[in-house]
Amino acid sequence: MSSIVIIRLLKTSILLGLCLIVTGHGLIVSSYFTNQFGIKGIITAAACIAIGVLLSLPTKIYLTISLGSVDLCGLKFVQTRGDLIAARGL
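What counts, and where the lines are drawn
- Residues numbered from 1 in each chain as written.
- Predicted model: local features only at pLDDT ≥ 70, side-chain atom pairs only at ≥ 80, totals over all residues.
- Heavy atoms only, no water.
- Helix = DSSP H or I, 4+ residues; strand = E, 2+ residues; numbered from the N terminus.
- Buried < 20%, exposed > 50% of the residue type's maximum accessible area, 1.4 Å probe, protein only.
- Contact = heavy atoms within 4.5 Å.
- Phe/Tyr/Trp six-rings, centres within 6.5 Å; stacked < 30°, edge-to-face > 60°.
- Patch = residues over 30% accessible without salt bridge, like charges linked within 9 Å, V, L, I, M, F, W, Y side chains within 5 Å.
- Areas by Shrake-Rupley, 256 points an atom, 1.4 Å probe, with all protein chains shown as cover.
- Salt bridge = Lys/Arg side-chain N within 4 Å of Asp/Glu carboxyl O.
- Expected span 1.5 Å × (residues − 1).
- pLDDT = per-residue confidence, 0-100.

1. Focus: the side chain of S13
Relative to the helices and strands, S13 is located in helix α1 (residues 3–29). The class for S13 is buried, based on a relative accessible area of 15%. Residues contacting S13, with those up to four places away along its chain left out, are L55 and T59.

Structural data, given as structure tokens:
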């Protein structure tokens, strides 16, 4: 697979993970859902949040690493001791 397809797939995974996190939070906050389903409703909402976190965090790390090494006009940006420098041909 090309890197564009991988990045698009990872961005979709992040979006789906964030939607699951928000859905799980909404289910926990909703008193109707927790009253009607009891402990199984809380477990379901917590599972939504957990799956959302599992989908979103690793992809953010991969995208940060892959997009952080972008070569802009032949310059590679390197961070050394807190200073950001641009060096040619590193």
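2. Points about the packing of aromatic side chains
Going through the model one piece at a time under the given rule, you end up with one aromatic pair. Where F33 meets F37, the ring centres are 4.9 Å apart and the plane angle is 50°; that geometry is what we call tilted. Of this pair, F33 and F37 both sit in helix α2 (residues 31–37), four residues apart, which is roughly one turn of that helix. Classification of F33 as buried rests on a relative accessible area of 15%.

3. Considering a nonpolar patch on the surface
Taken together, the side chains of M1, V5 and L9 define a hydrophobic patch exposed on the protein surface, amounting to about 350 Å² of accessible area. Here M1 shows up in the segment before α1. Since its relative accessible area comes to 76%, M1 is described here as exposed.

4. Quick word on α1
One turn of the α-helix equals 3.6 residues, which is why residues spaced by three or four share an orientation. The end-to-end C-alpha distance of α1, which contains 27 residues, comes to 39 Å, matching closely the 39 Å that a straight helix rising 1.5 Å per residue would cover. Of the residues making up α1, those classed as buried are I7, L10, S13, I14, G17 and G24.

5. Overview of the confidence of the model for the chain
Close inspection of predicted coordinates is inappropriate in any region flagged by low pLDDT. For the chain, the mean per-residue pLDDT works out to 78, and 73% of the residues sit at or above 70. By mean pLDDT, strand β2 (residues 83–88) is the weakest element of the chain at 50, and α1 is the strongest at 89.

6. A short note on the side chain of S56
Examined against the element boundaries, S56 turns out to sit in helix α3 (residues 39–68). With sequence-adjacent residues up to four places away left out, S56 is seen in contact with I14, G17 and I21.

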